[in-house]
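This is what each chain is made of:
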Amino acid sequence: MDSGWARRAARRRGPEEQGRGNRRNRPPWWSRCAVPAVAAVGAALLTAPSAQAAPAAATAETAPCPQTPCEGADPGQVTAWKSGGAPKILKQTTLASGTKIIQYTGTPAWDSGRPYTWAEVQFGSGVENGRLWLRATDDWGDGIRTINSVQHPRAHRDSTGTTGMFLYLAVAPARGAFANGACATDGVERGCLDQYAATVVPAGPCEAWCPEVADPGAVPASDWSYVDRTSYRRVELPSGASVQSVRGNLKQGTHLNWAEGVLPAGGRFWLEAWQGQGRWGQVYSEFTRSGASRTTTGSTRAFSWSPELRACVSDSTGTKCTADNDYSATPAPQAPCATLPCSGIDPASVTEWMPLYDGDVVEDASIYLGGRLKIHQGRPAWDPYHMYYWGEAELPPGRPGVSATLMTHKADGPDSHRARPEPVPGATLTASGTTTMVAIDPLSDEKIAGLVVDGQKWAFVTQQDNTIYQESVQGTVGPCAPVTLCQDVASASVATWGSQRTDWATASLPNGARVTLAGGRPDWSATDFYAWAHSDSAGVTAWLEDRQPGGTYAEVAEADLMKATDGRYVRACLSDGTTTKCTQPMG
């Protein structure tokens, strides 16, 4: 294994996903299925999960997308399954609130024989902050295991019902429309399913990953998987003042560090962050975040800081820290700005870096025979508390429309569903060169991302997940920039799809007229999925609606015009002038 890759892998960390949101209960998905035989199979599975599923006829059926796999298709609309591929329960579990989570697999007749998976949640009475989402776990061996929420509008919901269907792989690539697990939360507990096990853990003191906890002593003992107060991480001064370095793991996945101190006659105790081994030896520097030191007996805040924190105590009788004597605390050199973090700094001006963080390339967006953007990561010695990033661009000369842009990318919510990346002001290049540095707080939900465009194609890369390798998403230049929203673009104008155009849901009028909610990610969009309403029925009007602030719905696009969406609340509607019907949203 490449040592630089291993160092980056050791430094990566990401939140273990959770979820939120439910406001109503609906019957299981198969009770809404149009084919009684499939409904009977589903009902039998609920009452007797170990029962042998009845065989399903593999009759001809039109696929809900022009080219399989169909990503996010509604399992309730499948009317025929491959022989031996009828829906079956992979795993299920129930939370204390009565919330039930079920993961299914099945092989629809319209695919070539590949199994799909989807999940259903039935939220318990009174649950208002529930969420269900699909995820993909990729086990690389040697203890390397990545867990990612599936980044697709139909892979998560916050009301009772099912997700869309995605290809099922026991070991799934970290990117792409694959799934092999599911999680749901009711705000109090989180249950997760995969092919091996069903687990339920407390949701903990945070909605998802906890960057810090104000009072670790107030967290219920049942929320911890362990708390370690090892004696060799405790020191005492002649006055009786002492400090204990404490480490704990929450059952929901967050690792935390904090200090507990006793100060009988004044003084102070605090946390220090390990910065690696440099020319000074083992290097620590004081952890300057709010709540990381105290002047009275008690506990500091708990921090999810990687790789390590030690505790120190000091009063009139001396100073001690919970580490070997040859470890040193080195004051940071003078920063080039008055207030950290600094901005607009040329990385070439940095003369000394903290150990381990000296400018490695952590992401690489590259277009074959085109543009390239390498993203570097480092910690200047004058600021050991932020990660600094800068881009190194290689752009083809003399070609119009070329650029390379550094971006920040946030995750929204406990299921780690990604928001749209935002360009860093002043960090766009239109010719080969290097950007200035941008600082990111390691305890925030922001990650670095980058986009390169060579006038014909684009490549986008992000750290907003917990994958441990460099991989970019690529596509062709279209009617608008790859990370901006297109308006009023006809779905029929999209020649190539980055994520397959698929029928997500349907609704019908009593006279048989139908409307379809369809969606996909055009090849010219780096991160955004688009939805639209479509109907082939005569004498009707179709349109697309999305939920507005306050909970009401409003039209956002005419039939066959695309609208960017996260998928939960969008719906397609149809009217014949007398009756109106809309597809059921997932929120």
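Before reading on, note that the structure itself is shown above.
Owing to the predicted nature of the structure, the values given are computational and were not obtained by experimental measurement.

**Structural notes on the overall build of the protein**
Right, on to step 1. Regarding its fold elements, the protein presents two helices and 44 strands.
Right, on to step 2. Residue burial in the protein is summarised as follows: out of 587 residues, 54% are buried.
Right, on to step 3. In the protein, the share of contacts with a sequence separation of at least 24, taken over all contacts with a separation of at least 6, comes to 65%.

**What to know about the state of the cysteines**
Right, on to step 1. Scanning the model with the defined rule gives seven disulfides in all.
Right, on to step 2. Across the disulfide, Cys 65 is cross-linked to Cys 70 (sulfur-sulfur distance 2.0 Å). When the S-S torsion is -80 degrees, as for the bridge of Cys 65 with Cys 70, the disulfide is left-handed. Per residue, the accessibility class of Cys 65 equals that of Cys 70, and both read buried.

**Points about the sheet that holds strand β43 (residues 571–575)**
Right, on to step 1. Reading across the sheet, the four strands line up as β41-β40-β43-β44 and stay open at both edges, with antiparallel pairing between neighbours. Of all strands in the sheet, those with a lone pairing partner are β41 (553–558) and β44 (580–582), marking the two edges. Going from strand to strand, the sheet's axes swing by 35 degrees on average, the running direction of each strand aside.

**Comments concerning the pattern of salt bridges**
Right, on to step 1. Counted by the stated rule, this structure contains 18 salt bridges.
Right, on to step 2. With its nearest N and O atoms 3.0 Å apart, the salt bridge here joins Asp 111 to Arg 114.
Right, on to step 3. Of the residues examined, Arg 114 reaches a relative accessible area of 29% and is grouped as partly exposed.
Right, on to step 4. Across the salt bridge formed by Asp 364 and Arg 372, the nearest N and O atoms sit 2.5 Å from each other.
Right, on to step 5. With a relative accessible area of 14%, Asp 364 lands in the buried category.
Right, on to step 6. When salt bridges with common partners are traced through the structure, they connect Glu 212, Arg 289, Arg 301 and Asp 441 into a single cluster.

**Thoughts on the nonpolar core**
Right, on to step 1. If you look at the biggest cluster of nonpolar residues, it comprises 22 residues, and the most contacted ones within it are Leu 373, Ile 375, Tyr 389, Leu 406, Ile 448 and Val 452.
Right, on to step 2. Of all elements in the fold, only β26 (353–366), β27 (372–380), β28 (387–394), β29 (402–412), β31 (422–429), β33 (438–440), β34 (446–454) and β35 (457–462) reach the threshold of two or more residues within this core.
Right, on to step 3. Here Ile 375 is in contact with Asp 360, Val 361, Val 362, Glu 363, Tyr 389, Trp 390, Leu 406, Ile 448, Ala 449, Gly 450 and Val 461, once residues within four sequence places are set aside.
Right, on to step 4. Counting 19 residues, the second largest nonpolar core, distinct from the first, contains Leu 237, Ala 241, Ala 259 and Ala 273.

**Examining the side chain of Gln 377**
Right, on to step 1. Checked against the element boundaries, Gln 377 lands in strand β27.
Right, on to step 2. Separated by 3.0 Å, the side chains of Gln 377 and Tyr 389 make a polar contact.

**Points about the pairing of β35**
Right, on to step 1. Most of β35 is tucked away: five of the six residues are buried.
Right, on to step 2. Looking at chain direction, β34 and β35 are connected through five bridges and run antiparallel. Note on β35: the bridge partner recorded for Val 452 is Ala 459.
Right, on to step 3. In textbook terms, the turn of a hairpin is the stretch between consecutive antiparallel strands, and for β34 and β35 this stretch comprises two residues, one of which, Gly 455, has a positive phi near 95 degrees.
Right, on to step 4. Pairing between β35 and strand β36 (residues 473–476): four bridges, direction antiparallel.

Calculation rules
Residues numbered from 1 in each chain as written. Predicted model: local features only at pLDDT ≥ 70, side-chain atom pairs only at ≥ 80, totals over all residues. Heavy atoms only, no water. Helix = DSSP H or I, 4+ residues; strand = E, 2+ residues; numbered from the N terminus. Buried < 20%, exposed > 50% of the residue type's maximum accessible area, 1.4 Å probe, protein only. Contact = heavy atoms within 4.5 Å. Disulfide = S-S within 2.5 Å. Pairing = 2+ DSSP bridges. Axes fitted to C-alpha atoms, helices over the stretch in contact; angles between N-to-C directions. Salt bridge = Lys/Arg side-chain N within 4 Å of Asp/Glu carboxyl O. Core = buried A, V, L, I, M, F, W, Y, C linked by side-chain atoms within 4.5 Å. Polar contact = N/O pair within 3.5 Å; in protein donor to acceptor, adjacent residues only side chain to side chain.

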